[in-house]
Each structure stands twice: as structure tokens, then as C-alpha cells.
Amino acid sequence: MTTTTDTLLWVVVPYVCLAIFVLGHVWRYRYDKFGWTTRSSQLYESRLLRWASPLFHFGILAVFLGHVMGLGIPQSWTEAVGMSDAAYHFLAVSIGSVAGFCTVVGLVLLIYRRRTVGPVFRATTRMDKLMYLMLAVVIFLGMWNTVSGSILNLGGGYDYREGVSVWFRGIFRFDLYPELMAEAPLGFQLHGMAAMLLFALWPFTRLVHVFSAPVGYLWRPYVVYRARTDRFGTRPARRGWDQVGREEPSRR
């Protein structure tokens, strides 16, 4: 039986966060185009960033693709192509664990770098700190669900593909089943709620750069550079830089 609290948490909150996510990006693009950037700090420090950035970005990309498969693809589809439930969970746990480990290591290095490198820390805003906190919470809860549910089996054999996944796909069909999330283990509930809050925060952070692809560079005209022939000031030109055919003044 669905209660009012279940409807509020798993029907109202998802659509509110989704509306903020969409409208927030529209507002940000219209009124803060110059702020639509990663605000790169590579000039301040590059040694740690050289390791942290690839680990985090490639790890989070793999985690995202894993969530697309786990939440967006129904169980009947994987069974139709001949993938057994055991094979699916093995791939999900093995690949997900590696991706999660890379993401965690990359995030820890990014936070360590931002806290210990003076210029980078001074360029850190309050919204950056809140963004890192929410990312850390979402990633930690996701890893905990993977370890406790699939490895330690602390969730009593809970299959998220029959609960959380069905609820998630219902968001885009406007046909939610809040009772499925209400019956899910607490770890999955916290992970889902933290992820929704992160999406609501997304448009107001540097995460907007995810939707900025340099596609225009494919059609951008070449930039032509020409050497300047005029010289300013009274300083004489160095030997070897004089124009061809230029006569030297006669000495008398």
C-alpha cells in the first residue's frame, strides 16, 4: 500500500528535481554563458591533476554507462539476447567495482589537490565544496550497495532490476511505482535520494560542462597568423631579422 510519504519521496521529489535539472540548465545557459565552464585550474597545478582527472572522468563515465544498462534496460531484454542472470551480475559487479574504484581514487585525489594546493583552494567556491560533497555521498552509497548487496549479500538477495529499475523507468513514462522504492533496502533509497538531489544541484555547478562538446571546432575556420612588418620604438632590429632587400645605411 502506497502512503503519502512514499508518494512525496518517490513521485513528487523526482519530478521536482528533474524540473530543476532541465529549467536550471536553460536559465544558466541564457543568463550565465560566461560561467558555463569547468573553471580549469590546470595552470595552478598539473602533477596531481594528470592522474586524478583521467581516473575520475573515465571511471564516472563507466559508472554512468553501467547505470544506463542496469536501470534503463529491462531484465527481459538481456534474457532475450541469451545473457543469464548470473552472467549479468558477474559483469555488473566486476566492471562496476573497477569503475567505482577508479572514480573513488580520482575523486579523492581531486579533493586532496584542491585542499592542499594554495591557488587551487583559493579558487574553490562554496558551490564547488557542496558539489564535491554530494558526489562523494552518491559514489560512496553506490559502492556500498554494490559491496553489501552483491558481494556480502547483506540485502537478503535483493534484485534492484525488479524494484529500483522498474521505478526509475517509470519516471520517464509518467507511471511510477513508489511502493517499489519504499520496499527497497535503505542503501538503495539513500543512493536514489542523494542522486536526485545531485541532479537538482547540477545546473548551478561546474558540472554543466558535461553538456559542452567542442563540436564547433570541426567547422571553425582556420586562424591565420601574420608577422608584423612595422616596428615600434627606437630599439634597433637584431641582425638576421631585417627584411630581405633592405639596404643598410651607409656609414661616412
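Residues numbered from 1 in each chain as written. Predicted model: local features only at pLDDT ≥ 70, side-chain atom pairs only at ≥ 80, totals over all residues. Heavy atoms only, no water.

K.L.:
Even after reading the chapter, I still don't get the overall build of the protein chain, so can you show me in this structure?
P.N.:
The helix and strand inventory of the protein chain stands at nine helices and zero strands. Counting from the amino terminus, the protein chain carries its helices and strands in the arrangement α-α-α-α-α-α-α-α-α. Here the protein chain holds 252 residues, and the buried ones make up 31% of them. A total of about 17,900 Å² of accessible surface is found on the protein chain, and carbon and sulfur atoms cover 66% of it. (Helix = DSSP H or I, 4+ residues; strand = E, 2+ residues; numbered from the N terminus. Buried < 20%, exposed > 50% of the residue type's maximum accessible area, 1.4 Å probe, protein only. Areas by Shrake-Rupley, 256 points an atom, 1.4 Å probe, with all protein chains shown as cover.)

K.L.:
Teacher, can you tell me more about helix α2 (residues 47-72) here?
P.N.:
For an α-helix, 3.6 residues make a turn, and residues three or four places apart therefore share a direction. Counted at 1.5 Å a residue, the expected span for α2 with its 26 residues is 38 Å, and the 38 Å between its end C-alpha atoms agrees. When we look at burial in α2, the residues that qualify are Leu48, Leu49, Ala52, Phe56, Gly59, Gly70 and Leu71. (Expected span 1.5 Å × (residues − 1).)

K.L.:
Help me out: how do you make sense of the packing of aromatic side chains in this one?
P.N.:
For any pair of aromatic rings, the description rests on two quantities: the centre-to-centre distance and the angle between the ring planes. On inspection of all chains with the given rule, the structure shows 13 aromatic pairs. Measuring from ring centre to ring centre gives 5.7 Å for Tyr15 and Phe174, while their planes differ by 10°; the resulting arrangement is stacked. Taken together, the positions of Tyr15 in helix α1 (residues 4-31) and Phe174 in the loop between α7 (164-173) and α8 (178-182) put the pair 159 residues apart, joining distant regions of the chain. Overall, Tyr15 belongs to the partly exposed group, its relative accessible area being 23%. Residues Phe199 and Trp202 carry aromatic rings whose centres are separated by 5.4 Å and whose planes lie at 10° to one another, so their mutual orientation is stacked. For Phe199, a relative accessible area of 38% puts it in the partly exposed group. An aromatic cluster is built from Phe21, Phe199, Trp202 and Phe211, whose rings are joined through pairwise contacts. In this arrangement the basic side chain of Arg115 is found over the ring face of Phe121, its NZ or CZ atom lying 4.4 Å from the centre. The positively charged end of Arg161 is found above the aromatic ring belonging to Tyr88, 3.6 Å away from the centroid. (Phe/Tyr/Trp six-rings, centres within 6.5 Å; stacked < 30°, edge-to-face > 60°. Lys NZ or Arg CZ within 6 Å of the ring centre and 35° of its normal.)

K.L.:
Would you mind showing me how to read a nonpolar patch on the surface here?
P.N.:
A cluster of nonpolar side chains, Leu8, Val12, Val16, Ile20, Trp27, Tyr31, Met127, Leu130, Leu133, Val137 and Phe204, forms an exposed patch at the surface whose accessible area comes to about 960 Å². Every element with two or more residues in the nonpolar patch is listed here: α1 and α6 (126-151). Within the secondary structure layout, Tyr31 lies in helix α1. For Tyr31, a relative accessible area of 57% translates into the label exposed. (Patch = residues over 30% accessible without salt bridge, like charges linked within 9 Å, V, L, I, M, F, W, Y side chains within 5 Å. Salt bridge = Lys/Arg side-chain N within 4 Å of Asp/Glu carboxyl O.)

K.L.:
So what exactly am I meant to see when it comes to the packing of α1 against α7 here?
P.N.:
Pairs of packed helices are described in terms of their axes, by the angle between the two and the distance that separates them. Put simply, α1 and α7 touch, their axes get as near as 11 Å, and they point 55° apart. With respect to each other, α1 and α7 are oriented oblique. The handedness of the crossing between α1 and α7 is right-handed. Counted together, Trp10, Pro14, Tyr15 and Leu18 of α1 and Trp167, Gly170 and Ile171 of α7 form the full contact between these two elements. Across the contact of α1 with α7, the residue classes tally to six nonpolar, one polar and no charged. (Axes fitted to C-alpha atoms, helices over the stretch in contact; angles between N-to-C directions. Parallel < 35°, antiparallel > 145°, perpendicular 65-115°, else oblique. Left-handed = near helix turned anticlockwise from the far one by under 90°. Contact = heavy atoms within 4.5 Å. Nonpolar A, V, L, I, M, F, W, Y, C, P; charged D, E, K, R; others polar.)

K.L.:
In this structure, what is going on with the nonpolar core? I would like to understand it.
P.N.:
Soluble, globular proteins show a tendency: their nonpolar side chains are buried together. In terms of nonpolar packing, the biggest core is built from 18 residues, with Phe56, Leu110 and Leu198 touching the most fellow members. Looking at this core, the elements with two or more residues in it are α2, α4 (85-116), α6 and α9 (186-201). Element by element, the count of residues in this core is highest for α6, at seven residues. Among all residues touching Phe56, those that are not within four sequence positions of it are Cys102, Thr103, Gly106, Leu107, Leu110, Leu135 and Ile139. Counting residues in each nonpolar core, the second largest holds 14 residues, with Leu71, Trp167, Ile171 and Ala200 among its members. (Core = buried A, V, L, I, M, F, W, Y, C linked by side-chain atoms within 4.5 Å.)

K.L.:
I'm lost on unusual backbone geometry in this one. Help?
P.N.:
Leaving glycine out, the prevailing phi sign among residues is negative, and the prevailing peptide bond configuration is trans. Residue Phe174 is not a glycine yet carries a positive backbone phi of 55°. Since its relative accessible area comes to 70%, Phe174 is described here as exposed.

Honestly, it's all geometry; don't read function into it.
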